[in-house]
Amino acid sequence: MKKKNLETICIHGGWKPKKGESQQLPIFQSTTFRYETSDQMARLFDLKDNGYFYTRLANPTNDAVAQKIAALEGGVGAVLTSSGQAANFYAIFNICQAGDHFITANTIYGGTFNLFGVTLKKLGIECTFIDPDWDDERIEAAFRPNTKCFFGETISNPGCNVFDIERFAKIAHKHGVPLIVDNTFATPINCRPFEWGCDIVTHSTTKYMDGHATQVGGVVVDSGNFPWEDYAEKFPCLCTPDESYHGLTYTKSFGNMAYTTKLVAQLMRDLGSIPSPQNAFLLNLGLETLHLRMPRHCENAQKVAEWLERNPKVGWVNFAGLPSNKYHALAQKYLPNGTCGVIAFGLKGTKEEAIRFMDNIDFISIVTHVADARTCVLHPASHTHRQLSDEQLREAGIAPDLVRLSVGIENIDDIIADLEQAMAKM
Ligand code: PLP
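Each value, and the rule that gives it
- Residues numbered from 1 in each chain as written.
- Predicted model: local features only at pLDDT ≥ 70, side-chain atom pairs only at ≥ 80, totals over all residues.
- Heavy atoms only, no water.
- Pairing = 2+ DSSP bridges.
- Helix = DSSP H or I, 4+ residues; strand = E, 2+ residues; numbered from the N terminus.
- Axes fitted to C-alpha atoms, helices over the stretch in contact; angles between N-to-C directions.
- Contact = heavy atoms within 4.5 Å.
- Core = buried A, V, L, I, M, F, W, Y, C linked by side-chain atoms within 4.5 Å.
- Buried < 20%, exposed > 50% of the residue type's maximum accessible area, 1.4 Å probe, protein only.
- Domains from an automatic or database assignment.
- Phe/Tyr/Trp six-rings, centres within 6.5 Å; stacked < 30°, edge-to-face > 60°.
- Buried area = accessible area lost by both parts, 1.4 Å probe.
- Arc of directions from axis to C-beta.
- Near = heavy atom within 4 Å.
- Polar contact = N/O pair within 3.5 Å; in protein donor to acceptor, adjacent residues only side chain to side chain.
- Areas by Shrake-Rupley, 256 points an atom, 1.4 Å probe, with all protein chains shown as cover.
- Nonpolar A, V, L, I, M, F, W, Y, C, P; charged D, E, K, R; others polar.
- Salt bridge = Lys/Arg side-chain N within 4 Å of Asp/Glu carboxyl O.

Some words on the sheet that holds strand S7 (residues 218-222)
Reading across the sheet, the 7 strands line up as S1-S7-S6-S5-S4-S2-S3 and stay open at both edges, with mixed pairing between neighbours. Each edge of the sheet is formed by a strand with only one pairing partner; in this case those strands are strand S1 (77-81) and strand S3 (126-130). Along the sheet, successive strands turn relative to each other by an average axial angle of 20°, direction set aside. As judged from the 4 bridges shared by strand S4 (residues 147-153) and strand S5 (residues 179-182), these two strands associate in the parallel manner. Note that in S5 the partner of Phe150 across the bridge is Leu179. Sheet strands in contact with helix H7 (residues 165-174) are S4 and S5, and its direction is about 150° off that of S5.

Remarks on the environment of Ala87
Examined against the element boundaries, Ala87 turns out to sit in helix H4 (residues 84-93). In sequence terms Ala87 and Gln40 are 47 residues apart; their C-alpha atoms lie 31 Å from each other. Those residues in contact with Ala87, other than ones at most four positions away along the chain, are Thr81, Thr202, His203, Gly218, Val219 and Val220.

Points about the nonpolar core
Grouped together as the largest cluster of nonpolar side chains are 60 residues, with contacts concentrated most on Ile69, Phe150 and Leu179. Sorting elements by how many residues they give to this core places helix H3 (residues 60-73) first, with 6 residues. Mapping this core onto the domain boundaries places at least three of its residues in each of domain 1 (6-285) and domain 2 (291-424).

Quick look at the sheet that holds strand S9 (residues 342-347)
Read across the open sheet, the 5 strands follow the order S8-S9-S12-S11-S10; overall the sheet is mixed. With partners counted over all chains shown, the strands left at the sheet margins are strand S8 (314-318) and strand S10 (365-366), one partner each. Bridge count for S10 against strand S11 (residues 376-378) is 2 bridges, and the pairing is parallel. Bridge pairing links Ile366 to Val377 in S11. Against the sheet, helix H13 (residues 290-310) contacts S8, S9 and strand S12 (402-406), and its axis sits at roughly 15° relative to S9.

Examining the packing of aromatic side chains
If you walk through the whole model with that rule in mind, you get 19 aromatic pairs. With a centroid separation of 5.0 Å and an interplanar angle of 80°, the aromatic rings of Trp228 and Phe235 are classed as edge-to-face. Owing to a relative accessible area of 6%, Trp228 belongs among the buried residues under this scheme. Considering the side-chain rings of Phe345 and Phe357, the 6.2 Å spacing of their centres and the 75° angle between planes classify their relative orientation as edge-to-face. Of the two residues, Phe345 sits in strand S9 while Phe357 sits in helix H15 (residues 351-359), which places them 12 residues apart along the sequence. For the residue pair Phe345 and Phe357, the accessibility class agrees, reading buried in each case.

Re the domain arrangement of the chain
By a widely used convention, the size of an interface equals the accessible area lost when the partners come together. Each assigned domain of the chain is listed with its residue range as follows: domain 1 (6-285) and domain 2 (291-424). Using C-alpha coordinates to define each centre, domain 1 is positioned 29 Å away from domain 2. Counting residues at the interface gives 33 residues for domain 1 and 32 residues for domain 2. Across the interface of domain 1 and domain 2, roughly 2,800 Å² is buried in total on both sides, 62% from carbon and sulfur atoms. Among the residues domain 1 hides against domain 2, the three largest losses belong to Val162, Asn190 and Tyr208. Together they make up 27% of the total.

Remarks on unusual backbone geometry
Going from Asn157 to Pro158, the amide bond is cis rather than trans, its omega being 5°. Checked against the element boundaries, Pro158 lands in the loop between S4 and H7. Of note in the backbone geometry, Cys160 takes a positive phi value of approximately 65° without being a glycine. Along the chain, Cys160 turns up in the loop between S4 and H7.

Some thoughts on H15
Turning to H15, its buried residues are Glu353, Ala354, Phe357 and Met358. Projected down its long axis, H15 shows its buried positions confined to an angular sector of 140°, all on one face. Where H15 is buried, its residues touch S9, S10, S11, S12 and helix H17 (412-424).

So, the site of the ligand
Neighbouring the ligand are 14 residues, the closest being Asn157, Asp182, Ser204, Thr206 and Lys207. One of the backbone N or O atoms of Gln85 is found 2.9 Å from an oxygen atom in the ligand. Residue Lys207 places a side-chain N or O atom 2.8 Å away from an oxygen atom belonging to the ligand. Coverage of the ligand by the protein chains reaches 90% of its 390 Å² of free accessible surface. For the shell around the ligand, the leading source of residues is H4, giving 3 residues. Residues of the shell around the ligand, tallied by class, amount to 2 nonpolar, 9 polar and 3 charged.

Comments concerning the pattern of salt bridges
One pass over the full model with this rule turns up 14 salt bridges. Between Lys333 and Glu166 there is a salt bridge; the shortest N-O distance is 2.6 Å. Separated by 167 residues along the polypeptide, Lys333 in helix H14 (residues 328-334) and Glu166 in helix H7 bring together distant segments of the chain. Put simply, Asp270 and Arg269 hold a salt bridge, and the shortest N to O gap is 2.7 Å.

A word on the side chain of Asn183
Note that Asn183 resides in the loop between S5 and helix H8 (187-190). Not counting chain neighbours up to four residues away, the residues in contact with Asn183 comprise Glu73, Thr154, Pro188, Cys191, Pro193, Val201, Thr202 and His203.

What follows is the structure in structure tokens.
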């Protein structure tokens, strides 16, 4: 049968009820699953049979949602995690260990920046932050013999820069390592990084995929395309026997599912950052309408960005949908149907002016959250990054006046009216 389109996968992916079964994905709220003979259970532990035995390793609700996301991204396998942070940690830690090194764009989300620069360092994994605007020569100089992957965000949070996926995939592959892309803001509705050579995709499913601010979650998706065996000396973790799993070699036993199987069989087994099946169910409800919500987010954000650009109280606007934007050409290449609903902008005047603007908004919410059905706003210098000086903010790529506006799917006239009345009181 012909491969289904994204809209159909959003509704039907992962769960195909048989005769008399539940139309909606059931919540298998059970820690464990019953077997009739000891041998049946033993074969599961040996990874010789597929089946459920303990929810930390696999659960039917979680797996159905993971399969839906794998299908949306065009990957061979996916694993749900308890948060986006866990997804990015697992994506890296699945192929990096103490003594290894990787490279990342310096424009990434602050939480990921800290995870990579501070926490992974404590585990002996070093990371070099590069500016994606550097030329190839300067970026390639960051590679070392122990470099294991390259990381970036399709659309960065909060700066809204667009990542040149094809260019960075080529650079990563030239050095024998995979490209990992956090596709949270774009979602597979607007961009499918595997089509541009990316090897592994991650998401904070807390954002658009859920869309209703009901659950914190993440996912790691594997394209199945990276030739681990060609670089076996770089990736012994996948290409040599795993003594903690009866000496099996993931690439030999699982082929293009090696990365995904290792992530579950080793990392989930030992670290256990799974979502509850209840949360996977809520995420699935969000996914059912992702294809309807994303175009509306983009349409509303485009109108708000154009309105902000015309507004004399606004100093600058960063939204790749604007023809004047530095990343517009990249957005047209990778995100031709729209980028996302998030806009970064700066108000003329002091930090206090930005605070006054935020204090006067009406239904738009001041929240740490982003990429939600409701329009929300955050001033990183006063909130998430308030401990940093203006100079430190600039070093982290965040202008002190940056306001992050996440445009929701309410009526566009109401959104602009709320912004207008708040700015009038500045
Ligand atoms: N990646 C991106 C691009 C994000 O914006 C976030 C959170 O804002 C994360 C990862 C972390 O996700 P979570 O908050 O679900 O742990």
